[in-house]
Amino acid sequence: RMHKPHPLSALYRLLCNTGDRLIYPILPPFAKPAWNHAAGPKTVFFWAPTIKWALVGAGLADLARPAHKLSPAQNGALFATGAIWTRYCFMIHPVNVYLASVNFFVMLTGLAQLCRIAHYRYTNPDWARMHHEHPGSH
């Protein structure tokens, strides 16, 4: 039995074909190989990392938050997954440098926040008592 394509597949193909007709001809010569690359903008390998840059943005926005309000577990997870996936991006085929770059920056934002947390806790030895929330104190 044949697999029935998803209805959005036709829309996706239409968008790619339209881009081939309208965008590809006006691309500068250095950008044309990227357009049809196995990890180019006509693949999920391009759009997944594009959306993942929101995590980097959120990490950068957290630079405005006080260090005692940051989560070591969350930022540790961002650091670890960023590091693991950066490495993985060079092991898969096609090698996806774009995905590696976003994961590298996810790792860096996690590391930056972990350093802020560690510095705050080191310079404020009584941080746990200072910021301990009592039940019903909201």
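It should be emphasised that the depicted structure is a prediction, and the values quoted were computed from it without experimental measurement.

Student: What should I look at first to understand unusual backbone geometry in this one?
Tutor: The phi angle of most residues is negative, glycine excepted, and most peptide bonds adopt the trans form. Each neighbour pair has its own omega, and for H93 with P94 the value is 5°, a cis peptide bond. The residue P94 is located in the loop between α4 (72-89) and α5 (97-123) in this model.

Student: Just to check I follow, could you spell out the packing of aromatic side chains for this structure?
Tutor: Where two aromatic rings form a pair, the distance of their centres and the angle of their planes describe that pair. Counted by the stated rule, this structure contains five aromatic pairs. Look at F46 and Y98: their rings are 5.3 Å apart centre to centre, the planes differ by 25°, and that puts the pair in the stacked class. Taken together, the positions of F46 in helix α3 (residues 44-61) and Y98 in helix α5 put the pair 52 residues apart, joining distant regions of the chain. Taken together, a centroid distance of 4.9 Å and an interplanar angle of 85° make the contact between W85 and Y88 edge-to-face. In this pair, W85 and Y88 are both assigned in helix α4, three residues apart and thus about one turn of the helix distant. We classify W85 as partly exposed; its relative accessible area is 40%. A connected cluster of aromatic rings, assembled from ring pairs, spans F46, W47 and Y98. Over the ring of W127 we find R121; its NZ or CZ atom is 3.7 Å from the centre of that ring.

What counts, and where the lines are drawn
Residues numbered from 1 in each chain as written. Predicted model: local features only at pLDDT ≥ 70, side-chain atom pairs only at ≥ 80, totals over all residues. Heavy atoms only, no water. Helix = DSSP H or I, 4+ residues; strand = E, 2+ residues; numbered from the N terminus. Phe/Tyr/Trp six-rings, centres within 6.5 Å; stacked < 30°, edge-to-face > 60°. Buried < 20%, exposed > 50% of the residue type's maximum accessible area, 1.4 Å probe, protein only. Lys NZ or Arg CZ within 6 Å of the ring centre and 35° of its normal.

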